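Listed below, chain by chain, are the residues.
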Amino acid sequence: MAFNRLKKNKDNQSAEPIGFFKRLKKGLTKTREILTTDIDLLFTGNRKVDDNLLEELEELLITSDIGVQTSMRLIESISKKTVKISGPDQLKDALKEEIFSILNKHSPVPSSGKIVSKPHIIMVIGVNGVGKTTTIGKLAAKYACEGKKVLIIASDTFRAAAIEQLSIWADRAGAEIVKHRDNADPAAVAYDGIEAAIARGVDVVLVDTAGRLHTKINLMEELKKIKRTISKKLPDAPHEILLVLDATTGQNALPQAKVFHDELGVTGIAVTKLDGTAKGGIVVSISSSLPIQLKYIGIGEKIGDLREFDPEQFVAALF
Ligand code: GDP
Ligand code: MG
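Residues numbered from 1 in each chain as written. Chains lettered and ligands numbered in written order. Predicted model: local features only at pLDDT ≥ 70, side-chain atom pairs only at ≥ 80, totals over all residues. Heavy atoms only, no water.

### What to know about the confidence of the model for the chain
Parts of the model with low pLDDT should not have their predicted coordinates read in detail. Quick reminder of the rule: The predictor rates its confidence in each residue with pLDDT, a number between 0 and 100. What makes two residues a contact is simply this: any of their non-hydrogen atoms within 4.5 Å.
Averaged over the chain, the pLDDT score is 89; the fraction of residues at 70 or greater is 90%. Within the model, the stretch residues 1-15 combines pLDDT values under 50 with 17 contacts to residues more than four positions away or in other chains.

### Focus on the environment of A278
Selection criterion: What counts as a helix is a DSSP run of H or I of at least four residues, what counts as a strand is a run of E of at least two, and both are numbered from the N terminus. Exposure is judged per residue with a 1.4 Å probe applied to protein chains only, and the accessible area is read against the type maximum: over 50% gives exposed, under 20% gives buried, and values in between give partly exposed.
Here A278 lies in the loop between β6 (268-272) and α12 (282-289). A278 gets classed as partly exposed once you look at its relative accessible area, which sits at 28%. Separated by 83 residues in sequence, A278 and E195 place their C-alpha atoms 44 Å apart. Look past the residues within four positions of A278 in its chain and what remains in contact with it is K30, T31, I34, T63 and S64.

### Observations concerning the pattern of salt bridges
Stated precisely, the cut-off is as follows: Between Lys or Arg on one side and Asp or Glu on the other, a salt bridge is scored when a side-chain nitrogen of the former is within 4 Å of a carboxyl oxygen of the latter.
Using the criterion set out here, one finds 19 salt bridges in the structure. For the salt bridge of D93 with K96, the shortest nitrogen-to-oxygen distance reads 4.0 Å. Separated by three residues within a single helix, D93 and K96 lie in helix α6 (residues 88-103), roughly one turn from each other. When its relative accessible area of 44% is taken as the criterion, D93 is described as partly exposed. Owing to a relative accessible area of 31%, K96 belongs among the partly exposed residues under this scheme. In this structure, the salt-bridge partner of E308 is K142, at a minimum N-O distance of 3.6 Å.

### Concerning the sheet that holds strand β1 (residues 120-125)
We apply this condition: Two strands pair if DSSP finds at least two bridges between them. Angles run from 0 to 180 degrees between N-to-C directions of axes, and those axes are lines fitted to C-alpha atoms, restricted for helices to the stretch in contact.
Here we have eight strands laid out as an open sheet, ordered β3-β2-β4-β1-β5-β6-β7-β8, and mixed in their pairing. Unpaired on one side and paired on the other, β3 (176-178) and β8 (306-308) mark the two borders of the sheet. This sheet shows a mean twist of 25° between the axes of neighbouring strands, independent of strand direction. Bridge analysis of strand β5 (residues 240-246) against β6 gives five bridges, and the strand direction is parallel. By the bridge assignment for β6, L243 is matched with I269.

As structure tokens, this is what we get:
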């Protein structure tokens, strides 16, 4: 059964890139309305691009959750080009160009497929409810589709339901799972998982973690302990620390990312729930203000709803 689902998923992926782009575009509709319809409105009455208009544009950008600092940065670049801008389409083109250069900063080419170590360990972190477990399920399916042997470690032992949810995803993705009972020591589960991955010749390991109480020291300490335990078993691991951020939280994602990055050293970001949010500008804000590569975007709850972040595709969907 898992194989059939996997095969189906593979077929869905071969319908790329139109399928995903269309859905991304649909998901970003609310954000796009702010950026396009509202920009058209700025020009009603044959207005010229002056300080007033730019100020209104800055407000629009902030409304889409691009953030105050990034919006100011965009306006500053745009204001240097105003002689060339006489209407909404030219303004949108100028914005697209500036936004693309921000998004392209960390990711000249989608590069997350590179797996050099075996096993390659990816520890997934983030606050509760952002989509860690779902993203792990999607990533497991992606790697499994590429012919890799995948193992998932259930180090979120906070609730039995979390372990059960992860088991369902592992089954769906055609991945193995290492789990203990709920309330087990998350680091001990990680230790056993890595040991199993080495023994079984696994290619990719995805470590699920808890996300509660991110402002409290104990969660960070627990995550650090998991990280240390993994390193004890495999000195160069974890090879990736993937931080999951929820687009619907808008600007709140930034302080979250700072805390996790300071404490654990994040190597990549996945932004989830870009379907149906008016806060899609947060992607621009994240790329602009964090020194971390945006690797994946999620646009739904299904197994095929995750892709490597592609700046060009994203800008095309945004306008
Ligand atoms: P975790 O607590 O970080 O592990 O989060 P979960 O993976 O359990 O996800 C929390 C909720 O968000 C679930 O209901 C998921 O189905 C949902 N979710 C995750 N990713 C996405 C996404 O990209 N889009 C939408 N609409 N929902 C998502
Ligand atoms: Mg979870």
